[in-house]
Amino acid sequence: MHGFTDVDRQSDPDSWVGVLDRLADEPFYQAYQHRVRELLHLAPGRRYVEVGAGTGASAVHLRDEHDADVVTVDRAVTMAAAMQARGLTRCAVADAHRLPFLDDSFDGAWSDRTVQHLADPHAAIGELVRVVRPGGRIVLADPDYDTQVLDIADQDLARRVLRFRADVLLRNGTLAHQHAGILATLGLADITVEPRTLLVRDPAAADNVLGLRSWAATAAQRGVLEPAEARAFEDRFDEAVEAGRFTYAVTFFLTAATVT
C-alpha cells in the first residue's frame, strides 16, 4: 500500500489531513508552492486544475491571490471533503490516469508531490497535457529520493534505510529528475527545471512531519532490515540528535513547460 494513493483505506484517513496541514505550514513548502504558482503564469479569470490536490491549500492560494477559477482533483473522498470544507467546491474525486475533463479544458495544470505515488506516471502526465489548451502551462513538483542524505554515525545503515524510502515506500520515489524528459517526449516546449533542497536540522520536524525515525522499523516489518538493525538505526538517530549533528536533506524538482 502506498499511503497517499490509498488514504480512504487507512484506519484513520483523517489523520492524513493533519499530515498535509503540518507540511503546508512549513516555510519550505510554502516557498516552493508559491514558485509553482508563479511558473503557471497565472492570469485573472483563467481556469486551472490541480491533480492530487490533497487538502487544497495551494489551490486556495491560487484562487484568492490571483482571482482565478480553480478545479481540484483527488482520488480520496477524505481529501475532497477537506477541500469542500475550505471552500473549494469544484472538486472531482477521480483517478489521475483518467481525468474527467474534455481536451483543452484548462489554461494550466499542476501536480505537487503526486506523481511519485502513481501507478503509471507517464499516462498521468499525458492526461495533464491533454486537458490543457495550447499555450497553457504544466508544472510538476516532486522530491527525488535519490538525492537524500542523512548524517548519523553509521552511514551504510543510513543509506540502506534511505534506499528503502526511495525504492519500496514510494512507487516513483526517484523519478522527479526525469520529469523534464517525459514532458519533452510529449512535445512540450519551454521546459525548465528548478531544484529546491529541503534541509532539516530539527529532528522533531524530521520525525513528526516526515516520520523519518520510523522508516527503519517499517523496513524491518517489510523484511528489508533485521529488527536489530532497525533498533540500531533509531539509536544512531537519537545519538545524532543529542550530539547536535543531525542533518537530513532531499531535493525537490520543479519542472515546468508550455503545451504546444
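Thresholds applied
- Residues numbered from 1 in each chain as written.
- Predicted model: local features only at pLDDT ≥ 70, side-chain atom pairs only at ≥ 80, totals over all residues.
- Heavy atoms only, no water.
- UniProt positions renumbered as here; feature names shortened; annotations may be inferred.
- Helix = DSSP H or I, 4+ residues; strand = E, 2+ residues; numbered from the N terminus.
- Salt bridge = Lys/Arg side-chain N within 4 Å of Asp/Glu carboxyl O.
- Buried < 20%, exposed > 50% of the residue type's maximum accessible area, 1.4 Å probe, protein only.
- Phe/Tyr/Trp six-rings, centres within 6.5 Å; stacked < 30°, edge-to-face > 60°.
- Contact = heavy atoms within 4.5 Å.
- Expected span 1.5 Å × (residues − 1).
- Polar contact = N/O pair within 3.5 Å; in protein donor to acceptor, adjacent residues only side chain to side chain.

The name that an unreviewed UniProt entry assigns to the chain is Methyltransferase domain-containing protein, with the source organism given as Micromonospora aurantiaca.

A short note on the UniProt feature "domain: Methyltransferase type" (unreviewed entry) in the chain
In the numbering used here, UniProt assigns the feature "domain: Methyltransferase type" (unreviewed entry) to residues 49-140. Segment residues 49-140 splits into 33% helix and 30% strand. End C-alpha atoms: 12 Å apart.

Concerning the pattern of salt bridges
Opposite charge on two side chains permits pairing when their charged atoms draw close. In this structure the tally under the stated criterion is 17 salt bridges. Between arginine 35 and glutamate 194 there is a salt bridge, with its nearest N and O atoms 2.7 Å apart. With arginine 35 in helix α2 (residues 27-39) and glutamate 194 in strand β6 (residues 189-200), the pair connects residues that are 159 residues apart, well separated along the chain. With relative accessibility at 24%, the residue arginine 35 sits in the partly exposed group. The class for glutamate 194 is buried, based on a relative accessible area of 18%. Overlapping salt bridges bring together Arg35, Glu38, Glu194 and Arg196 as one network.

Remarks on the packing of aromatic side chains
Inspection of the entire model under this criterion finds ten aromatic pairs. Both rings, one in phenylalanine 28 and one in tyrosine 29, keep their centres 5.3 Å apart while their planes meet at 90 degrees; by these two values the pair is edge-to-face. Residues phenylalanine 28 and tyrosine 29 agree in their burial class; the two are buried. Considering the side-chain rings of phenylalanine 233 and phenylalanine 237, the 6.3 Å spacing of their centres and the 45 degrees angle between planes classify their relative orientation as tilted.

Here we look at the environment of phenylalanine 164
Looking at the element boundaries, phenylalanine 164 is found in helix α6 (residues 155-167). For phenylalanine 164, a relative accessible area of 2% gives the class buried. Sequence-distant contacts of phenylalanine 164, that is, excluding residues within four places in its chain, are made with Leu169, Trp215, Thr218, Ala219, Arg222 and Val224.

Description of helix α5 (residues 121-131)
Given 3.6 residues per turn, any residue in an α-helix points the same way as the ones three and four places further on. Summarising burial for α5: eight of the eleven residues are buried, a large majority. Pro121, Ala124, Ile125, Gly126, Glu127, Leu128, Val129 and Val131 are the residues of α5 that are buried. Residues of α5 that are buried make contact with β1 (47-51), β4 (106-112), β5 (132-150) and α7 (179-185).

Structural notes on α6
Taking 1.5 Å of rise per residue, the 13 residues of α6 would be expected to cover 18 Å, and the 18 Å separating its terminal C-alpha atoms lies within 8% of that figure. Taken as a whole, α6 has its buried residues at Leu157, Ala158, Val161, Leu162, Phe164, Arg165 and Ala166. Of the residues that open α6, the one with a side-chain oxygen 3.3 Å from the backbone nitrogen of aspartate 156 is aspartate 154.

Things to note about unusual backbone geometry
One non-glycine residue, aspartate 104, lies in the positive phi region at around 60 degrees. Within the secondary structure, aspartate 104 is located in the loop between β3 (91-93) and β4. Of note, arginine 113 is a non-glycine position whose phi angle comes to about 55 degrees, a positive value. Mapped onto the fold, arginine 113 is located in the loop between β4 and α5. The class of arginine 113 is buried, set by a relative accessible area of 18%.

Observations regarding the environment of proline 195
Secondary-structure assignment places proline 195 in strand β6. Separated by 160 residues in sequence, proline 195 and arginine 35 have C-alpha atoms that sit 11 Å apart. Non-local contacts of proline 195, meaning those with residues more than four positions away in its chain, are made with Thr251, Phe252 and Phe253.

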